[in-house]
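Residue-level structure breakdown
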Amino acid sequence: MTILLAGDIGGTKTILCLVKAEPSESLKPIPLLTTLYEHSYASQAYCDLTPIVIEFLDSAEKSLGTKYIPEKACFGIAGPVVNNTCDLTNLSWFLDAKHLEQELNLSKVKLINDFAAIGYGVVGLTPEDLRILQAGEPDATAPIAVIGAGTGLGEGFVIPTAGAYYVFSTEGGHVDFAPRSELEFQLLSYVRELNNISRVSVERIVSGMGIAAIYQFMRDRNSSLETPEMAEVFKTWKQEMGKGEKTVDLGAEISKAAARDDYLCEQTMKLFVDAYGTEAGNMALKLLPYGGLYIAGGIAAKNLDLMEQGIFMKAFTSKGRISPLMEKVPVYIVLNPKVGLIGAALCAAQLV
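Residues numbered from 1 in each chain as written. Predicted model: local features only at pLDDT ≥ 70, side-chain atom pairs only at ≥ 80, totals over all residues. Heavy atoms only, no water.

Put simply, the test is: UniProt positions are given in the numbering used here, feature names are shortened, and annotations may be inferred rather than shown by experiment.
The chain has the name Glucokinase in an unreviewed UniProt entry, where Limnoraphis robusta CCNP1315 is given as its organism. Recorded in UniProt for the chain, the comment headed Catalytic activity (unreviewed entry) runs: "D-glucose + ATP = D-glucose 6-phosphate + ADP + H(+)".

Structure follows, in structure tokens:
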């Protein structure tokens, strides 16, 4: 039995979890994880991660009535990790794994990007944590792909071996957006002019900001289709651009309105999902992830009905003469919002 500390570190909140890891009876190199104690903290209320961990371990001891001392830790962080250090994007923290080992008396600490944590996490999910879009023909020895649209577009892949899983992050979200229809060609030109840029990455279309950009494009093509409710939302969103405090998440509001049969928002979301499926398919072509392609990020899980209508999978499999290969790839939507925390724990369990 090994006691582990796992963390999901974000600009708004930090979630810590004390985990017991035991050898699994399955053939997969995944330990059996049992959560002993979990708590969430407001990141901005602390000057660093160390005092949060100290407070967390004290609280865990009081709650459990037993003092558990973690041996190893892994923290998934919303920011770039270089040489096991991270200068957080939305916090005035600089984290160094070596310093954390010394300050917290841990044998090993690893810092990983939050999307890499999701990569580790998908291999530890249960069937209840997933929605199957395509059963495919699973191969446990094949690569696993992970894609997730949220604030941006994350892409990564996992390579299974006999004794461990190795996760690799990529910058796939920054490849060029490749239009496939006249409407998408017009969207490409619109986004290029709107942002005064020479190229448009797929992340500018397949993400929360992409939903907002598509909606602007659609409303400017025919403003008479915009409802008074969405006109007010859009006006507020425009007024708050560039300000620190925001009351409107335009992408989220468009998604909600689409579910209420708002025509312009429906068309926006359908175009978004079509582009999402296309990019997921492009990623699958490069990796042939017969171990599964996992769709993470909050947008897919919050729009299950739309994701299951067939738009996504039609775009995913429409790859010309290679289409039969795409039909063999298992495709899942991740429903568990704590997949990153699970991944941090699994990563910690692999540390030597």
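**Topic: the packing of aromatic side chains**
Here is the rule we go by: Ring pairs are drawn from Phe, Tyr and Trp, using the six-membered ring of Trp, whenever the two centres fall within 6.5 Å, and their geometry is named by plane angle: stacked under 30 degrees, edge-to-face over 60, tilted for the rest. The buried label applies to any residue whose accessible area, calculated with a 1.4 Å probe on protein chains only, is under 20% of its type's maximum; exposed applies above 50%, and partly exposed to all values in between.
Applying the stated criterion across every chain, the model contains 10 aromatic pairs. Consider the rings of Y41 and Y46, whose centres lie 6.1 Å apart with planes at 85°: the pair is edge-to-face. Overall, the relative accessible area of 6% leaves Y41 in the buried class. Residues Y276 and F312 carry aromatic rings whose centres are separated by 5.5 Å and whose planes lie at 80° to one another, so their mutual orientation is edge-to-face.

**A word on the nonpolar core**
Where a protein is soluble and globular, its nonpolar side chains tend to be buried together. Heads up, the condition is: Buried Ala, Val, Leu, Ile, Met, Phe, Trp, Tyr and Cys residues form a nonpolar core when they are joined through side-chain atoms within 4.5 Å. The helix count covers DSSP runs of H or I at least four residues long, the strand count covers runs of E at least two residues long, and both are numbered beginning at the N terminus. In what follows, a contact means two residues having at least one pair of non-hydrogen atoms within 4.5 Å.
Counting 57 residues, the largest nonpolar core has F272, L293, I295, F312 and F316 as its most contacted members. Tallying contributions element by element places helix α8 (residues 263-287) first for this core, with 11 residues. Setting aside residues no more than four positions away along its own chain, F272 makes contact with A149, I205, V206, S207, I211, I214 and I299. Among the nonpolar cores identified, the runner-up in size contains 34 residues, and A117, I118, Y165 and A296 belong to it.

**Considering the sheet that holds strand β2 (residues 13-22)**
Formally: Pairs of strands are assigned from DSSP output, requiring at least two bridges between the strands. All axes are obtained by fitting lines to C-alpha atoms, using only the stretch in contact for helices, and the reported angles, taken between N-to-C directions, cover 0 to 180 degrees.
Judged by pairing direction, the sheet is mixed, and its five strands sit side by side in the order β3-β2-β1-β4-β8 without closing on themselves. Either end of the sheet is taken by a strand with one partner, and the two such strands are β3 (32-42) and β8 (108-113). Strand-to-strand twist across the sheet, computed as the mean angle between neighbouring axes with direction ignored, equals 15°. Both strand β4 (residues 72-77) and β8 contribute to a ladder of six bridges, which runs parallel. Opposite K72, over in β8, you have K108 as the bridge partner. Packed onto the sheet, helix α3 (residues 114-122) meets β4 and β8 and runs at close to 105° relative to β8.

**Observations regarding helix α13 (residues 339-350)**
Defined as follows: Working rule for helices: expected span equals 1.5 Å times residues minus one.
Counted at 1.5 Å a residue, the expected span for α13 with its 12 residues is 16 Å, and the 17 Å between its end C-alpha atoms agrees. Taken across its 12 residues, α13 has nine buried, putting it largely inside the fold. When we look at burial in α13, the residues that qualify are V339, G340, L341, G343, A344, A345, L346, C347 and A348.

**Structural notes on helix α1 (residues 49-64)**
Just so we agree on the cut-off: Think of the arc as the fan of directions from the helix axis to the C-beta atoms.
For α1, with 16 residues, the first-to-last C-alpha span of 22 Å sits near the 22 Å given by 1.5 Å per residue. Of all the positions in α1, only L49, T50, I52, V53, F56 and A60 are classed as buried. Buried positions in α1, seen along its axis, are confined to an arc of 155° and lie on one side of it. As for α1, its buried residues are in contact with β1 (2-9), β2, β3, β4, β7 (94-96) and α2 (97-104). Positive phi appears at G65, one or two residues downstream of α1, with a value of about 75°.

**Quick word on a nonpolar patch on the surface**
Rules: Residues enter patches when they are more than 30% accessible in relative terms and free of salt bridges; like-charged ones are connected within 9 Å and nonpolar ones (Val, Leu, Ile, Met, Phe, Trp, Tyr) within 5 Å. With residues, only the protein chains shown are counted as cover, and all accessible areas are computed by Shrake-Rupley using a 1.4 Å probe. Here, a salt bridge means any side-chain nitrogen of Lys or Arg that lies within 4 Å of a carboxyl oxygen of Asp or Glu.
Taken together, the side chains of L285, L288, I322 and L325 define a hydrophobic patch exposed on the protein surface, amounting to about 250 Å² of accessible area. Secondary-structure assignment places L288 in the loop between α8 and β13 (293-296).

**Quick word on the sheet that holds β7**
The sheet built from three strands is open, its strands ordered β5-β6-β7 with antiparallel pairing. Across the chains shown, the open sheet's two edge strands, defined by having one partner strand only, are β5 (81-82) and β7. Here two bridges tie β5 to strand β6 (residues 85-87), and the two strands are oriented antiparallel to one another. Across the sheet, residue V82 finds its bridge partner in β6, namely T85.

**As for empty space enclosed by the protein**
Rule in force here: Both cavities and pockets are sets of points on a 1 Å grid over the protein atoms alone; in a cavity a 1.4 Å probe fits but cannot get out, in a pocket the set is open with protein on both sides within 12 Å along at least five of seven lines, and lining residues sit with an atom within 4 Å of a point. Grid points are joined across faces, edges and corners, and a volume is the space filled by probe spheres set on the points. Charged residues are taken to be Asp, Glu, Lys and Arg, nonpolar residues to be Ala, Val, Leu, Ile, Met, Phe, Trp, Tyr, Cys and Pro, and polar residues to be all remaining types, Gly included.
Applying the stated criterion across every chain, the model contains one cavity of 30 Å³ or more. Taken as a whole, the largest cavity holds about 30 Å³ of empty space. Together, F115, A116, G119, V146, G156, F157, V167, F168 and S169 line the largest cavity. At the level of elements, α3, β11 (153-160) and β12 (165-169) are the ones that each hand at least two residues to the lining of the largest cavity. Partitioning the lining of the largest cavity into residue classes produces six nonpolar, three polar and no charged.

**So, the pattern of salt bridges**
For side chains bearing opposite charge, pairing can occur when the charged atoms are close. Counted according to the given criterion, the structure contains nine salt bridges. Between R180 and E184 there is a salt bridge, and its shortest N-O distance comes to 4.0 Å. Exposure remark for R180: the relative accessible area of 43% places this residue in the partly exposed category. When the shortest N-O distance is used, the salt bridge between K256 and E253 registers 3.8 Å. One end of the pair, K256, and the other, E253, are both in helix α7 (residues 250-259), three residues apart, so they sit about a helical turn from each other. Given the relative accessible area of 47%, K256 is considered partly exposed. Residue E253 is classed as partly exposed on the basis of its relative accessible area of 25%. A cluster of three or more residues bridged by salt bridges with shared partners is formed by R180, E184 and D274.

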